[in-house]
Each structure stands twice: as structure tokens, then as C-alpha cells.
Amino acid sequence: MFYTQLEAAKKGFVTDAMKIVAEKEQVPVERIRELVSLGQVVIPCNKNHTCIDPEGGIGKALRTKINVNLGTSRDVTDYDSELEKVNWAIQLGGAESIMDLSTHGGDTRIFRRKLTGECKAMIGTVPVYDSVIHHKRDLAELTAQDFLDTIRLHAEDGGVDFVTLHCGITRQTIEQIRKHKRRLNIVSRGGSLIFAWMSMTGKENPFYEYFDDILDICREYDVTISLGDACRPGCLADATDVCQIEELVRLGELTKRAHEKGVQVIIEGPGHVPLNQIQANMEIEETLCGGAPFYVLGPLVTDIAPGYDHITAAIGGAVAGMHGGASFLCYVTPAEHLALPNTDDVKEGIMAFKIAAHAADIARGIPGARDRDDAMADARRVLDWEAQYACALDPERARSIRESRAPEEGHSETCSMCGKFCAVRSMNKALNSEYIDIL
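Residues numbered from 1 in each chain as written. Predicted model: local features only at pLDDT ≥ 70, side-chain atom pairs only at ≥ 80, totals over all residues. Heavy atoms only, no water.

Q: How would you explain helix H13 (residues 278-288) if you had to name every residue and give the values?
A: Inspection of H13 places Ile278, Asn281, Met282 and Glu285 among the buried residues, and these make up the whole buried set. Down the axis of H13, the buried side of the element spans an arc of 100°, and every buried residue falls inside it. In this structure, the buried residues of H13 make contact with helix H12 (242-260), strand E6 (265-269), strand E7 (294-297), helix H14 (309-322) and strand E8 (326-330). Among the residues trailing H13, Gly290 stands out with phi positive, at a value near 65°. (Buried < 20%, exposed > 50% of the residue type's maximum accessible area, 1.4 Å probe, protein only. Helix = DSSP H or I, 4+ residues; strand = E, 2+ residues; numbered from the N terminus. Arc of directions from axis to C-beta. Contact = heavy atoms within 4.5 Å.)

Q: Can you tell me about H12, naming the residues and giving the values?
A: Taking 1.5 Å of rise per residue, 19 residues should cover 27 Å, and H12 covers 28 Å from first to last C-alpha, within 8% of that figure. Of the residues making up H12, those classed as buried are Cys243, Gln244, Glu246, Glu247, Leu248, Arg250, Leu251, Gly252, Leu254, Thr255, Ala258 and His259. Gly262 sits one or two residues past H12 and shows a positive phi near 85°. (Expected span 1.5 Å × (residues − 1).)

Q: Please give an account of empty space enclosed by the protein that cites residues and values.
A: The tally for this structure, following the rule as stated, stands at three cavities of 30 Å³ or more. Of the pockets and cavities examined, the largest cavity occupies roughly 90 Å³. Lining the largest cavity are Asp229, Arg232, Pro233, Gln244, Glu247, Leu248, Leu251, Glu268, Gly269, Pro270, Asn281 and Phe294. Breaking the lining of the largest cavity down by element, the ones donating at least two residues are H12 and E6. With four residues, the top contributor of residues to the lining of the largest cavity is H12. In this structure, the second largest cavity occupies an estimated 70 Å³ of space. Lining the second largest cavity we find Gln40, Gly59, Lys60, Glu285, Glu286, Gly291, Ala292, Pro293, Phe294, Gly324, Gly325 and Ser327. For the lining of the second largest cavity, the class distribution of residues is three nonpolar, six polar and three charged. (1 Å grid on protein atoms, 1.4 Å probe; cavity = no way out; pocket = protein on both sides within 12 Å on 5 of 7 lines; lining within 4 Å. Points joined across faces, edges and corners; volume = space filled by probe spheres on them. Nonpolar A, V, L, I, M, F, W, Y, C, P; charged D, E, K, R; others polar.)

Q: I'd love a proper account of the pairing of E8, names of residues and values included.
A: Of all five residues in E8, five are buried, a share of seventy percent or more. The pairing of strand E1 (residues 65-70) with E8 spans three bridges and is parallel. Across the sheet, residue Lys65 finds its bridge partner in E8, namely Phe328. Examined bridge by bridge, E7 and E8 share four bridges and lie parallel to one another. (Pairing = 2+ DSSP bridges.)

Q: Talk me through the sheet that holds strand E2 (residues 97-100); I want residue IDs and the actual numbers.
A: Reading around the barrel, the eight strands line up as E1-E2-E3-E4-E5-E6-E7-E8 and close back on themselves, with parallel pairing between neighbours. For this sheet, the mean angle separating the axes of adjacent strands, direction not counted, is 25°. Sheet topology places E6 next to E7; three bridges connect them, and they run parallel. For Glu268, the partnering residue across the bridge sits in E7 and is Tyr295. The sheet strands contacting H13 are E6, E7 and E8, and the helix crosses E7 at an angle near 145°. (Axes fitted to C-alpha atoms, helices over the stretch in contact; angles between N-to-C directions.)

Q: Which residues make up a nonpolar patch on the surface, and what values do they have?
A: Judged by side-chain polarity, Leu275, Tyr308, Ile311 and Ile315 come together as a nonpolar surface patch covering roughly 400 Å² of accessible area. The residue Leu275 is located in the loop between E6 and H13 in this model. Given the relative accessible area of 46%, Leu275 is considered partly exposed. (Patch = residues over 30% accessible without salt bridge, like charges linked within 9 Å, V, L, I, M, F, W, Y side chains within 5 Å. Areas by Shrake-Rupley, 256 points an atom, 1.4 Å probe, with all protein chains shown as cover. Salt bridge = Lys/Arg side-chain N within 4 Å of Asp/Glu carboxyl O.)

Q: Can you break down the nonpolar core residue by residue, with the values?
A: Ile32, Val68, Phe207, Ile225, Leu227, Ile267 and Phe353 are the most contacted members of the largest nonpolar core, which totals 106 residues. Looking at this core element by element, the count peaks at seven residues for helix H15 (residues 343-364). Filtering out sequence-adjacent residues up to four positions away, Val68 remains in contact with Ala89, Ala95, Ser97, Ile98, Met99, Tyr331, Val346 and Ile350. (Core = buried A, V, L, I, M, F, W, Y, C linked by side-chain atoms within 4.5 Å.)

Q: How would you summarise unusual backbone geometry if you had to cite specific residues and measurements?
A: The residue after Gly298, namely Pro299, is reached through a cis peptide bond having omega -5°. Looking at where Pro299 falls in the secondary structure, it is placed in the loop between E7 and H14. Located in the positive-phi region is Leu383, a residue other than glycine, with phi close to 55°. Examined against the element boundaries, Leu383 turns out to sit in the loop between helix H16 (371-381) and helix H17 (385-391). The class for Leu383 is buried, based on a relative accessible area of 16%.

Q: I'd like a rundown of the packing of aromatic side chains, residues and numbers included.
A: Per the stated rule, a full pass over the model turns up five aromatic pairs. Their ring planes at 85° and their centres at 6.5 Å tell us that Phe162 and Tyr295 sit as a pair that is edge-to-face. Note that Phe162 is positioned in strand E4 (residues 162-165) and Tyr295 in strand E7, a separation of 133 residues in sequence. Their ring planes at 25° and their centres at 4.3 Å tell us that Tyr295 and Phe328 sit as a pair that is stacked. (Phe/Tyr/Trp six-rings, centres within 6.5 Å; stacked < 30°, edge-to-face > 60°.)

Q: I'd like a description of the layout of surface pockets, backed by residues and values.
A: Looking at the largest pocket, its volume works out to about 940 Å³. Asn69, Leu101, Arg189, Arg232 and Glu336 are the residues nearest the centre of the largest pocket, which is lined by 39 residues in total. Contributions of two or more residues to the lining of the largest pocket are made by E1, helix H9 (189-201), E6 and E7. Considering every element that reaches the lining of the largest pocket, the biggest residue donor is E7, with three residues. Here the lining of the largest pocket is composed, by residue class, of 19 nonpolar, 15 polar and five charged. Empty space within the second largest pocket amounts to approximately 770 Å³. Around the second largest pocket sit 29 residues that line it, and Gly93, Met351, Lys354, Arg372 and Leu393 are the ones nearest its centre. Looking at the lining of the second largest pocket, the elements that each hand over two or more residues are helix H2 (16-25), helix H4 (79-92), H15, H16 and helix H18 (395-404). Among the elements that line the lining of the second largest pocket, the one with the most residues is H15, at eight residues. Of the residues in the lining of the second largest pocket, the class split is nine nonpolar, six polar and 14 charged.

Here it is, written out as C-alpha cells:
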């Protein structure tokens, strides 16, 4: 008997979810089972999320996946708008995962149930956000049992496939933060809430102290734990510092405990990291956490681009993925650091990270990753515009840009940038010894 994908894999069983992932990834199913048994691939797949399509095999041997964060806040509580973003992210954007980060809006169970009842993508949450809302008490009045009850609520009633839990921040971290005087302290929302709760109550982090109880809940429903990085750097000055690495060491220890109980684990990573430190961060996580899949926010490679942080983060995401550490990218939108993203922001963020993930897959030699690029090259060689649109990540945008700036009359096979001077057109004619009309 087994409860989780990890337990099944360790016992030599191939589940239906493993078969689906193997087919989609073009990887032998026995290889998928082996990687799952080692904890190097996870398949977040809650037993109560019955409509899920296990697209989401996550691990460096597989295609890089992206996650889209959504949800309401006190200032914006429009669930219809959030559902519109969800539908676009999955149907058009190709996102493999949705995280509901709602921090306001009454009964948050309604939105979670709708997500797991209708969405085929992986669904994730951060239960600490919901603890105050669900129990309707101030943070300092919550008990350790309240936090655990919220995790069970998300697993059982919500049917979520993975939960972010900030288990690695402890009372020792409080002293480290005060001693090392970070430039930007803690920027993780969940991490700051746990830090505040420990400071106000004088008690240990309940997610750390009662980790075994949490494992029992997650094993029962096969919920993957995404070990949150409460001390992720929020600016370049804090990257790869003692607070970040000390927490990562503890996450590695917790990963081993989870695997021993048959619970799947993802490790969350930085944050803001200079380009030249990204490879080292990937290698440190690989070593400390036994190759568990790394889930990174960006990383953002500069601090000075508000309004364009989907670009700064996509650069970091591509480099992190290229070096084999990051197998799951949390998208960033132009609204990062500024506001709750709207639908246009979501679109921009998704496309930036689809590009980053695809670039990383090509660099890592993932089977079939470059097929689409080769098809695009063939289409460009013969100036077949319809075939080029079909290969594009965003065909609609590619078509609209070209058609809105049409080439001069008589040269419809080229674009308006080169016209008669189109290199492809000239080479095609020259190779066929045809006359080239440029003037």
C-alpha cells in the first residue's frame, strides 16, 4: 500500500501520473519512477484534485515549468478578474501551475474549491496567509494548532497539490537577522509573518517544531511541500549571505525527513541575486538538498527596474535553469514591487518566463526542446509567414505586429524592416541564380 507518488516509486510501482509525465516529457517511464524515488522529480497531485492533468512533473531532467501567482488583496478583491487571469494563464499562456496567494476576500475556500474543481494545472497555496483570515483572529492570538488546521483545510477541503511552508526560519534566525543587519531584512511575506509570530509569542516556528505532524497531513493527501525560503534576498546586497545559506542548510535537513516519510519536496530559492552568483546558488542547493527540485522567484539580477522586473527576473530564470538547478520558475510581472498585477501584467510575465524556461531547456539539452526553433528556422528560410506564426510562442502578437506595419506593395513576402533588402529573399534568389531587384 502507498499514499504518495514518492512511496509508490520507492516500492517499484509506476502510477498513472508517472506514465502521463513520461509520455509528455519523452522520457522512459522507468526513468521517471527512478527520479521520483530519489526525490529529484516530484509530481504534485493531491488525491482530491480529481481534474488535474499531471503536466507538472518537476525536476531538472524534465522541461522547466512555470508558476503563475494570483489572488486577491485588501485593496483588490475581484475574484472574477482573478479567474480571468487563471483561464488566460492556462489556456493561452501555457502555465503549468497556479498559486492562490489571496490575503483577503472573506471565505477563501470558495476560490480554492473553484480552482481545484475546474483547473487541470497544479494548484498551490501558502496556508500561513489564510490562517488569520480563516480563524478570524489577530496573528499573535493564533496557536500552533491553528496553523496546522489551516494546512489540513487546504489539503483536504481545498485539494491543493502543493503548499509553501516556511519551515526553515527559527528563533535562531531572529538573532541572525538582528546581528547581521541585512540591508532589506526579510522580504518574504510568509517569512515575515512567522518571524513576527515568533517575536510576539516567544515560541518556536510551529512549521518547524511540528514538522512531523505536517508530514502526516501531507502524506495523507499526497500534498507536495514547497519549503519556503523566508530569508531569500530581497536585494542584491543580501544575496548568498549567512541568513540565506543557514536557512538552506536547515531546508536540506527537513527534505531528508520528508523523504523518509514518503512526502514529496520542492525547495524554494532566491530572490534577488547578481548574475555572477546564480550558478553558485544552484550548486549549493543541489548539494545541500540532495537534488530536490529548485523553485526560484526569478531570480532578479538587478534592483533598479521597477516596471520591467519581468525582464530582470526572466534573465535570472534562464541562467538558473541553464545551470541545472532551477526546474520550476515562479513568474514575475511588470507590477512586481509596485501593485497587484492586472491581466496585461500577467500576460507579459507569463510570456517572459515561457521564453526563459524554453531557453533553459535548450541549453540543458532537454529532448525535443529545440524542435520548434528548428521549425521556425525552416519557415523563415522560405518566408512562410503562416508557418512562422504557428511556431511562435504568441502567434497573435507576431501576426498583429507584422500586419500593422505591412511592407511596401509588391514585396509582401518580406517585412517592412528590410523590404527589397531582405537577406533571406536575396539569398534564395542568388542560390537559384535569379535576378535580384533592389533599386
